[in-house]
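# Observations on the model geometry
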Amino acid sequence: MKFFQKNIRLGSRSRGFHLVTDEITSSFGEIRELKIGMFQAFILHTSASLTLNENADPSVRTDMESHFNTLVPERQPYYTHIYEGDDDMPAHIKASLLGSSLMIPITNGRLNLGAWQGIYLCEHRNHGGGRKLVLTAWGI
Amino acid sequence: MKFFQKNIRLGSRSRGFHLVTDEITSSFGEIRELKIGMFQAFILHTSASLTLNENADPSVRTDMESHFNTLVPERQPYYTHIYEGDDDMPAHIKASLLGSSLMIPITNGRLNLGAWQGIYLCEHRNHGGGRKLVLTAWGI
Amino acid sequence: MKFFQKNIRLGSRSRGFHLVTDEITSSFGEIRELKIGMFQAFILHTSASLTLNENADPSVRTDMESHFNTLVPERQPYYTHIYEGDDDMPAHIKASLLGSSLMIPITNGRLNLGAWQGIYLCEHRNHGGGRKLVLTAWGI
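The present account deals with the structure reproduced in this document. Note that the structure is predicted; figures quoted are calculated from it, not measured. (Residues numbered from 1 in each chain as written. Chains lettered and ligands numbered in written order. Predicted model: local features only at pLDDT ≥ 70, side-chain atom pairs only at ≥ 80, totals over all residues. Heavy atoms only, no water.)

### Comments concerning the overall build of chain A
- Check the secondary structure of chain A and you find three helices and eight strands.
- Ordered by position from N to C terminus, the α and β elements of chain A give β-β-α-β-β-α-α-β-β-β-β.
- Taken against the 2.2 N^0.38 rule, which gives 14 Å for 140 residues, the C-alpha radius of gyration of chain A at 16 Å falls within 12% of a compact globule.
- Seen through its C-alpha atoms, chain A measures out along the principal axes to roughly 50 × 30 × 20 Å.
- Scored against the burial criterion, the 140 residues of chain A give a buried share of 63%.
- Expressed as a percentage of contacts within chain A between residues at least 6 apart in sequence, the contacts between residues at least 24 apart total 82%. (Helix = DSSP H or I, 4+ residues; strand = E, 2+ residues; numbered from the N terminus. Rg over C-alpha atoms; globule rule 2.2 N^0.38 Å. Buried < 20%, exposed > 50% of the residue type's maximum accessible area, 1.4 Å probe, protein only. Contact = heavy atoms within 4.5 Å.)

Quick look at the structure:
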């Protein structure tokens, strides 16, 4: 049984959904040492999140941003957590809707993703800055 | 430490929420070899998802479909990813809201689910076809 | 490789979002034995859920409850699962939106959470009672 863990930082991105599969996998070559295993990406923030979705057409990422802004609008009259700007509380809600981590099986040294699946960094703040992730993998 | 992994295919189902606990567990008998462990089901698609919810009353599954169609309506004016039909972009959004994988603890050779918990396959396309899953389990 | 598992019960709480990080970690000291590992908290219910979000300002938890009540209102005309009261079906939907489990990396004997991250118990019923969790940790 092997267990690997690494901290990485994804550079600052604009508000929206961003495909980061290659940036994550290229920074964690230890995955190649596992024949059968499991990979987790965990984001150390509460106003950005991780999800899996279509890796091909950028229009999916644009529409995700549009729809999450509709599901979780800014300036709802009942928001009380409003100190850091209109994007603050919606970012927290979106982060919980999408989740802080991804678990992906490893098969023969590679993430076993479907043909159309990619890892999205979901940046919910207008100026979120860089984002810290903990990557962990284990297996045989 | 043991590590097991298997690919399965769930047969084509209608759009909606479907209870598949028995189909998944019966195809992965290796779970019985683990006294303490963890199980993951991972779906290799971006327009169907997995969740845990009530295993008894089918009305929960009907109402889930009704409400997710309200949360993520078809033909929103801001959708730009519209090539594959009105159910295409909503399916991607629902998949990210619900998630691509489930993690369930294993205790004494069985999935340690609550009395009312079952595994749902959430089919978000009108004609999604069969769905491929990777099942992984590890433990002692 | 070590593998630990424990059942705990969180006491009854009012409907809403509650910070339970300390209650969970203090009941699972085995985490300290792991230099690199993974932790899962799994809730054995379909009308309460777990999520990670801001651990400092209680207004985030208040606003989460307000917004989830807007996203998933009671008494929608299409609900058919209405036997147990107006909070019943919304609780099931919220549970699937937020999820039944959390996976958090372990580093040097501690949960590797971001500075602002805490574990929320999301109680979606008006009178949910105590909630049972399975805690599992593994690593080296």
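### Some remarks on the relation of the copies chain A and chain C
- Once turned by 120 degrees and shifted 0.0 Å along the axis, chain A lies on chain C with an RMSD of 0.0 Å. Overall, the copies show the geometry of a three-fold rotation axis. Using C-alpha coordinates, one finds that chain A approaches the rotation axis most closely at L97 of chain A, a distance of 3.5 Å. (Least-squares fit on C-alpha atoms with pLDDT ≥ 70 in both.)

### Points about the relation of the copies chain B and chain A
- Take chain B, turn it by 120 degrees, move it 0.0 Å along the axis, and it overlays chain A with an RMSD of 0.0 Å.
- Mapped onto chain A, only 17% of the interface residues of chain B again fall at the interface, so the copies present different surfaces.

### Observations concerning the sheet that holds strand β2 (residues 16–19) of chain A
Residue and element names in this part refer to chain A.
- Taken together, three strands build an open sheet; the order of strands is β2-β7-β4 and the sheet is antiparallel. Each having just a single partner strand, β2 and β4 (48–54) make up the two edges of the open sheet. Direction aside, the axes of adjacent strands within the sheet are offset by 35 degrees on average.
- Here β4 runs beside strand β7 (residues 117–123); their pairing, made up of seven bridges, is antiparallel. Residue pairing in the sheet places N53 in a bridge with G118 of β7.
- Across the sheet, helix α2 (residues 58–71) lies against β2, β4 and β7, angled at about 150 degrees from β2, the strand it touches most.
- Against the sheet, helix α3 (residues 88–98) engages β2, β4 and β7, with an angle of about 45 degrees to β4. (Pairing = 2+ DSSP bridges. Axes fitted to C-alpha atoms, helices over the stretch in contact; angles between N-to-C directions.)

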